[in-house]
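Structure assessment
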Amino acid sequence: MLNKVRTLWLNPSILLLAILIAAGYAGNYLSFPFGFGVDFLFGSITVLIVVRLYGIWWGTVASLIAGSYTIALWQHPYALIIFTCETLFVAWRLRRGNQNLLLIDMIFWLLIGMPLVWLFYGGILQVGAITTLIIVVKQAVNGIFDALVASLLLTYKPLYRWGNFSLRNANFSFEQILLNLLVAFVLIPALMLMFVSNRVAMKHEQNTLIATLDTSAQNMSAYLLRWHQSGLEALSRLAETSSETQIVISGQTQQSIELAIGSLPLFRQIYIINADLEVIAAASSSNEFDRSDYLDFSQLDIPRNPQIFIIPDLTEETDASSKTKILQTLPIILDNRWLGNIIAELDIDFIGQLLQTETYTVPLKSTLFDENQLIIASTHNELDAQQVLNRSQTGEINYVESDGEDREIYHWLPIVEGKPLIGRWKESFYGRNLLIDEEIIPLNLIMEAPAAPYIEYLQLLYIRSLTMLLLIAFGSILTAKFFSRLLVKPILNLAKFTTNVPDKLIQLEAIELPRSFVQEMNVLANNFEEMSHTIEQNIQQTQQTNQELKKAKETAEVANQTKAQFLANISHELKTPLNSIIGYSKLIQKNLANSHSPTEDRFNVIQGIEIINQSGKYLLSLIDEILDFSKVQANKTRLYPSVINIATFMEEIVKINATKAATKNIAFKYQTSGDLPTNIYTDEIRLKQILFNLIDNAIKYTNKGKVTLKISQIDCVSTTDSYPQDRVCLRFAVIDTGVGIARQNLTKIFQPFEQINTLASRRFGTGLGLTICQQLVELMQGKLEVQSRLNEGSVFWFDAVFPKTKVDSEISSEPIGEIVGYQGKRKTILIIDDIRASRLLLTDILKPLLFKIIIAQNGEQGLELALKHKPDLIVTDLFMPFKTGFTLVAELRKIEDFAQAPMIAISASDFEEVEQQSKAMGCDDFLTKPIDDEKLLHLIGKYLNLKWIYR
C-alpha cells in the first residue's frame, strides 16, 4: 500500500496538481493589501491553471481549497461562493471550445461576478453602497488580472512537460497569445501606477490625520495646563493667606476659601487642613455642602509638596461623592515650617467640558485617564468615567509611525463578527496618546479621530481609480481583441490560402495573396508567392517527370513483354540445336553398337558428327550475340583492327551465304561498284559479324526472289575521322525482295529483342542482331540505315571510312595442311581444368601429336604436378574450386623455375576484363571456350618454337 501511495505521489501529473492547489491557497493567504481592507488575492491564478489542465472537477476542488481562506480573512463565505462560480463558468466555457481564458473571465465578471458581489455585499452584508461599489470593482479587476497571469503562465510550455501532458494541448492561437500580451502591456502598468498613486494618497491622508491628531493633542494638553496653572496660582495665594493666619479657624479664612471656590471653576471643593490632618476650613461649588460631606484626610498620605494625586472609588455607590477624586495639594509653609495643606478637588465635569472645547477643525474625541487606565473624563459617549480604558478588548490596535517619529499613534480596528474588513475600517479611528505633564498633571490624554471621513475620501478615490482600471481592463481586452484579430487576419488569410495550395498548384491556378497594412506580412506574402511559384514549377516538372515515368513504365512493361518473348525465343533457339546434339549423340552411340556394315557405320557417324558440329556452332553464335549485346550495353566493346584483303574477305562471306540462300531456293548476288582498294585496315571479326547478320536476316525473311550484297566506293564527306589522308569510304548494302517492313515498325527493329514480322516468320534468332549491328557500325563511326516497303523488300546499308594503304602488297594466305606432329624433343604439357570434358578434349587434341600430357583437376593439384614434373607449357582454366587459375599462375611466377615458363589461360568467359586480369597475373596468352584447335596449336608452336609436321 505504501508503495502504491509513493508511486502515486511520484506521478508528475499528481505532483503538479498538488503544487498548484497548494499555490492557490498560498496565493490567497499571501494577499496583497490595497488599502483599508481592500486586498488583492492571487489564488485564482493557479486554480484557473488547474481548470485548464485537469478539467472542471479538479478545478472545483482547487477553488474550494484555495477559497476557504477567504472565510478566515473576511469572516463570511460569499467570496468563496463567487470564487467557485468563476471556476465553474470558466470550466464550462473551456469545455464548450472557447480557449481564450482572459476573454471568458471578463465575460464572467461582467455578467455574473459583479452582480453577485453587489447582491452578497450590498444586499446581505449591507456594507453600504460606496463600500459595495469598491468591492464590486476591485473583485472584477482582481479576477481579470489573475486570469491574465494564468493565461501568460499557460503559454509557458514547461507546465505541460512537468505534468507529462500532451504538448498538443499546449498549442494556443497566435491571436490569443497576442491578445494576452497586449492586455498585459496595458493592464499591468496601469495597475502598478494605480497602486502607487493610491498608496501615496493614502499615506498623505494618514499623515495629515496624524498631524491633526498630534497638534490637537498638544493644544488640548496646553489648554488643560493653562487652566490648571491658573487654579494653582489662586491656591498659592490662598496658601499665603493661610500661613499668615497660621491656619486658625476664623471667619476670614472661610470667607477666603468661599471666594476662591467661586472664582475657580476647575475645582469642585477646597479644603484647608492643619498638620494633624484636621479640616480647618472647606468650601464647595455646590450649594449643598456640610461637614458630613468632608473628605476624611486622616487615612490618606498627604504629600507636603504641590502635587496631584487621585483617590480611587472603592465603593459600589453611584453618587457624586463616591466617584474617583482628583486632588491638588499645596503645602502651607511658614518660616520653613509645614503648617498644613490646601487640598482642592478637581471638578471632573468641568474637565469634561474642557475636553469638548473645539480646538481643532475635525471632529475628535478626547479621553483623560490615569496611569491605571482609569478614565477620568471622556468625550466618547460610549466611555464613562470611573471605568478602565482597554481598547484591545474590543478591537485590534496597530501602532503607526509618521515621518519616522514614534508618537504613540495607533490605529484601532473594531472586531465585529460577520462584518467585512472594509466595513470595519469605516468604524475604526486613529488615536494619539499623550502624557500631559509628568510632574504637574501626571495624567494621560488620548485624542482619537474617526477614520470614516478619511476612509470616505479614499473610498471615492479608490472607486475612481478602480473603475478607471476596470474600464481600462475591459477596453484593453476589447481593443487587444480587435487589434490582435486585425494583425492576425493576414496570417489567417495566408493560412486560408495555403490550406488548398496543393490543389491550386496542381490545377495551375494563379495564387495572389491578399495584401496587409503590415509591411512584414506583405514581405511574407511576396516570399510565399515566390515559393509557391517555385513549387508550381517543381510540380510541373514533377508532373512531366511522372509522365516520363509513366511512359518509362509503359516502355518497361513492353520491355518485360519483349523480354518474356525473348526468353521464349531463346529457349526455343537453344533447345532446337541441343535436341539435335543429344539426339545424334545417342544415335551415333547406338549405330556404333549395332552396325555390322563398316561403310554404313562410317557414313552415319560422319553425318551425325556434322549435324552436331553445326548445332554447336549455332549455339555458340547465340551465346556470342547475347554476350556482344551485354558488352555493347556496358560500353565494353572494343575494335581490334588489322589489315585484311577485301577479295579474300568477301570470298568467304559470299561462299557461306550463297549456300544458305540455295537451301531456300533463292538467288544470292555479290556486286561491286567503283575502284575498291585491295586492302583495308579494320576489325575483321566485327565487320564480318555485321555483314553476316544483315545477310542472314535478308535470307531469313525472303521466300522468293534474291538477296544482293553490294559494296561501293563513295566520296568521303566527313572530316571527323582519324585518318585525314589516304582514306577510302565504302558503302555496304544488303538488298532483298522479302516480306518488307511496315513504316511504323522501322524504328522498332533496332530495339533489343524486337521481331516485328508475322508470327509465322518469327522462327529464328534472339532479336538482338540488328541492335548489335547498329552499335558496331556506330563504333566504326558510321550509321546503319534502312529503307523498306511492306511485301516488296528492304535495303540495309551503312557507310564506313577505312585507311586505304596500311600494307602495300596484297595479302596472300598459303593453304596449310593438317598438323600431324612436330620436330624435335618430345614436349610435356600440363593441362589444369576442373571440367572433365574439357580435360579430355584438350588431351585428345594434343596427345595424337605426341605431346606428353599431365592432367590436374584443380589449382592445388596443378601446383603439385607442376613442381614435380616441370612441364614445358601449362594450359590452365581460370575459374576452378579450391584454387583458381589466377592464384595458381601468380604463385608459379614467384618460383624461379616457372618465371619464364609459357602459360596459356583458357576460359568460357570472353570479357576483356578477364583476359586482362589473367595476363596481369602472368599468363602469356588467352583462349576462350569452345577451344579452336588451330588457334591452340598456333599458340603452342609460338611459345615452344616448334616446327610442325603437316600431312
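It should be emphasised that the depicted structure is a prediction, and the values quoted were computed from it without experimental measurement.

Section: the nonpolar core
- Ranked by size, the top nonpolar core spans 130 residues in total, and within it Y121, I144, F267, I270, I342 and L368 carry the most contacts.
- It is helix α9 (residues 174-244) that provides the largest number of residues to this core, a total of 20 residues.
- Taken together, domain 1 (10-172) and domain 2 (217-457) each give at least three residues to this core, which thus spans both.
- What I144 contacts, discounting residues up to four positions off in sequence, is L102, D105, M106, W109, L187, L470, A473, F474 and I477.
- Counting 42 residues, the second-largest nonpolar core is a separate cluster that includes F668, L687, C773 and L784.

Re the side chain of E345
- Here E345 shows up in strand β7 (residues 337-346).
- Here E345 falls in the buried class, since its relative accessible area comes to 4%.
- In contact with E345, other than residues within four places in its own chain, are L266, F267, R268, Q269, K325, I326 and L327.

Some thoughts on the pairing of strand β20 (residues 793-803)
- Counting buried positions along β20 yields eight of 11 residues, so the element is predominantly enclosed.
- As paired elements, strand β18 (residues 727-736) and β20 share 10 bridges and run antiparallel to each other. Each bridged residue has a counterpart across the sheet, and for C729 the counterpart in β20 is V801.
- Direction of pairing for strand β19 (residues 785-789) relative to β20: antiparallel, over a ladder of five bridges. Counterpart to Q787 in the pairing with β20 is V795.

Here we look at the sheet that holds strand β25 (residues 903-907)
- Strand order in the open sheet formed by five strands is β23-β22-β24-β25-β26, and the pairing between neighbours is parallel. Strands with a single pairing partner mark the edges of an open sheet, and in this sheet they are β23 (852-856) and β26 (925-928). Direction aside, the axes of adjacent strands within the sheet are offset by 20 degrees on average.
- Sheet strands in contact with helix α23 (residues 912-921) are β25 and β26, and its direction is about 145 degrees off that of β26.

Comments concerning helix α22 (residues 885-893)
- Within α22 the residues assigned to the buried category are G885, F886, L888, V889, L892 and R893. Mapping the buried residues of α22 onto a view down its axis gives an arc of 165 degrees, with all of them on the same face.
- Residues of α22 that are buried in the fold lie against β22 (828-832), α21 (859-869), β24 (873-877), β25 and α23.

Comments concerning the packing of helix α17 (residues 646-663) against helix α18 (residues 684-700)
- Running from N to C, α17 and α18 cross one another at 25 degrees; their axes reach a closest spacing of 11 Å. One element, α17, and the other, α18, form an angle in the roughly parallel class. Judged by the sense of rotation from one axis to the other, the crossing of α17 with α18 is right-handed. Counted together, F649, M650, E652, I653, I656, N657, K660 and A661 of α17 and E684, L687, K688, L691, F692, I695, D696 and I699 of α18 form the full contact between these two elements.
- In terms of residue class, the contact of α17 with α18 is made up of 10 nonpolar, one polar and five charged.

Brief notes about the packing of aromatic side chains
- On inspection of all chains with the given rule, the structure shows 16 aromatic pairs.
- Measuring from centroid to centroid gives 4.5 Å for Y822 and F851, while their planes differ by 25 degrees, and the two rings are stacked. Highlighted residues: Y822 in strand β21 (residues 819-822) and F851 in the loop between α20 (836-846) and β23, separated in sequence by 29 residues.
- You can call F851 buried: its relative accessible area is 1%.
- Here the basic side chain of R93 rests over the ring of W92, its NZ or CZ set 5.1 Å away from the ring centre.
- Sitting above the plane of the F40 ring, K138 keeps its charged end 5.8 Å from the centroid.

Here we look at the pattern of salt bridges
- Applying the stated criterion to the full structure yields 12 salt bridges.
- With a closest N to O distance of 3.7 Å, D696 and K660 form a salt bridge. Here K660 lies in helix α17 and D696 lies in helix α18, a separation of 36 residues in the sequence.
- In this structure K660 comes out as partly exposed when scored by relative accessible area, which is 32%.
- Residues joined by salt bridges that share partners form a network here, namely E652, E684 and K688.

What to know about unusual backbone geometry
- Residues other than glycine seldom take positive phi values, yet N665 does so here, at roughly 60 degrees.
- Within the secondary structure, N665 is located in the loop between α17 and β15 (667-673).
- At F882, a residue that is not glycine, the phi angle is positive and equals roughly 70 degrees.
- Since its relative accessible area comes to 69%, F882 is described here as exposed.

Some words on the UniProt feature "modified residue: 4-aspartylphosphate" (unreviewed entry) in the chain
- In the numbering used here, UniProt assigns the feature "modified residue: 4-aspartylphosphate" (unreviewed entry) to D877.
- Leaving out residues up to four positions away in the same chain, D877 has contacts with I832, D833, D834, G885, I906, S907 and K929.

A short note on the packing of α22 against α23
- Contact geometry of α22 with α23 gives a least axis separation of 8 Å together with a crossing angle of 25 degrees. The pairing of α22 with α23 is recorded here as roughly parallel in orientation. Of the residues in α23, those touching α22 at F886, V889, A890 and R893 are V914, Q917, S918 and M921.
- For the contact of α22 with α23, the residue count by class is five nonpolar, two polar and one charged.

Looking at helix α3 (residues 43-54)
- Helix length check: α3 (12 residues) gives 16 Å between terminal C-alpha atoms against 16 Å at 1.5 Å per residue, within 8%.
- Counting buried positions along α3 gives 12 out of 12 residues, so the element sits mostly inside the fold.
- Remark: G55 follows α3 within two positions and exhibits a positive phi of approximately 100 degrees.

A look at the environment of Q857
- Among the secondary structure elements, Q857 is positioned in the loop between β23 and α21.
- In sequence terms Q857 and M880 are 23 residues apart; their C-alpha atoms lie 8.6 Å from each other.
- For Q857, the contacting residues outside a window of four places in its chain are D833, D834 and R839.

A short note on the environment of P363
- Mapped onto the secondary structure, P363 falls in the loop between α11 (348-355) and β8 (365-369).
- Since its relative accessible area comes to 57%, P363 is described here as exposed.
- A C-alpha to C-alpha distance of 6.7 Å links P363 and A449, two positions 86 residues apart in sequence.
- With residues near it in sequence (within four places) discarded, P363 still touches A449 and P450.

The rules we used
Residues numbered from 1 in each chain as written. Predicted model: local features only at pLDDT ≥ 70, side-chain atom pairs only at ≥ 80, totals over all residues. Heavy atoms only, no water. Core = buried A, V, L, I, M, F, W, Y, C linked by side-chain atoms within 4.5 Å. Buried < 20%, exposed > 50% of the residue type's maximum accessible area, 1.4 Å probe, protein only. Helix = DSSP H or I, 4+ residues; strand = E, 2+ residues; numbered from the N terminus. Domains from an automatic or database assignment. Contact = heavy atoms within 4.5 Å. Pairing = 2+ DSSP bridges. Axes fitted to C-alpha atoms, helices over the stretch in contact; angles between N-to-C directions. Arc of directions from axis to C-beta. Parallel < 35°, antiparallel > 145°, perpendicular 65-115°, else oblique. Left-handed = near helix turned anticlockwise from the far one by under 90°. Nonpolar A, V, L, I, M, F, W, Y, C, P; charged D, E, K, R; others polar. Phe/Tyr/Trp six-rings, centres within 6.5 Å; stacked < 30°, edge-to-face > 60°. Lys NZ or Arg CZ within 6 Å of the ring centre and 35° of its normal. Salt bridge = Lys/Arg side-chain N within 4 Å of Asp/Glu carboxyl O. UniProt positions renumbered as here; feature names shortened; annotations may be inferred. Expected span 1.5 Å × (residues − 1).

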